[in-house]
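# Coordinate analysis (summary)
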Amino acid sequence: MAEMTFWDHLDELRRVLFRVIGVWFVLAVGYFIAMPYLFDSVILAPCHNDFIFYDLLRYIGEQLHLTDEFFTKEFQVKLININLAAPFFIHMSTAFWMSVVTAMPYIFFEIWRFINPALYPEERRGVAKALTIGTVMFFIGVLLGYFMVYPLTLRFLSTYQLSAEIENVISLNSYIDNFMMLVLCMGLAFELPLVTWLLSLLGLVNKTILQKYRKHALVIIVIVAAIITPTGDPFTLSVVAIPLYMLYEMSILMIKDTKKGE
């Protein structure tokens, strides 16, 4: 097989981008058509008291005979719209972002197919493993954000009162902005092992460095978890902090110590 020139690589990259954009477009159109159902059944589900995670909290409270409001509270959020064009633009943007999230496995596949010819057999196995783990971890993060992190954050912020004189009325824009941010942030946060592995290939980090600064990382992770979930209870903080710390430990296991390997 003849070696590809710079322009050949550029042409192949163009075809990759066209395929990715095509998949995004098809998924976005599908989500746009299905959005009224998805909005009621999926996106707005954390607003209702019968959401699966709230049922789980009540079940835990009943089984352990806990009377704390955290486990027993009935919860309902009513959204309002104050912008005439907001429903239409949110309809479009939500369909787009859902298509981006759903297309992640295909995007990783296209990345793999593009760089595969330039890799040695040993490198191909490593990259294929990293991309597979990256895809799985991204969706685990998205699911954790949707089923646990966002519902807890919504329940806390929507019921928090600065003054009894102020009534909390949640706008549609505010709800969607926070929903997308938290769910996508959790998905990206779960890419930590993949990012660490790539940095190790560039020689920027190694196992010794990560082990040395383990305590510092734990403090940073707790701070990040507190920012993502601004609730005051240890349970909510742990829901985010423990998985993130486990990802840090997984990063240590995934990479080699360059000092020992040399």
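Rules used in this analysis
Residues numbered from 1 in each chain as written. Predicted model: local features only at pLDDT ≥ 70, side-chain atom pairs only at ≥ 80, totals over all residues. Heavy atoms only, no water. Axes fitted to C-alpha atoms, helices over the stretch in contact; angles between N-to-C directions. Helix = DSSP H or I, 4+ residues; strand = E, 2+ residues; numbered from the N terminus. Parallel < 35°, antiparallel > 145°, perpendicular 65-115°, else oblique. Contact = heavy atoms within 4.5 Å. Nonpolar A, V, L, I, M, F, W, Y, C, P; charged D, E, K, R; others polar. Buried < 20%, exposed > 50% of the residue type's maximum accessible area, 1.4 Å probe, protein only. Core = buried A, V, L, I, M, F, W, Y, C linked by side-chain atoms within 4.5 Å.

With that out of the way, let us pick up the packing of helix α4 (residues 86-102) against helix α7 (residues 172-189). Angle between the axes and distance between the axes: these two values describe a pair of packed helices. Following both chains from N to C, one finds α4 and α7 inclined at 10°, their axes separated by 11 Å at the closest point. Of the possible angle classes, the one that applies to α4 and α7 is roughly parallel. Residue-level contacts link A86, P87, I90, T94, W97 and V101 of α4 to L172, N173, I176, M180 and L184 of α7. Residue classes in the contact of α4 with α7 are distributed as nine nonpolar, two polar and no charged.

Within the element layout of this structure, L202 appears in the loop between α8 (192-201) and α9 (207-212). You can call L202 exposed: its relative accessible area is 65%. The spacing of L202 and I80 is 122 residues in sequence and 49 Å in space, taken between C-alpha atoms.

Next up on the list: the nonpolar core. Grouped together as the largest cluster of nonpolar side chains are 66 residues, with contacts concentrated most on M35, F39, I43, L79, Y175, I176 and F179. Among the elements that line this core, the one with the most residues is helix α6 (residues 121-159), at twelve residues. Excluding residues that lie within four positions of it along the chain, L79 makes contacts with L44, C47, I170, S171, L172 and Y175.

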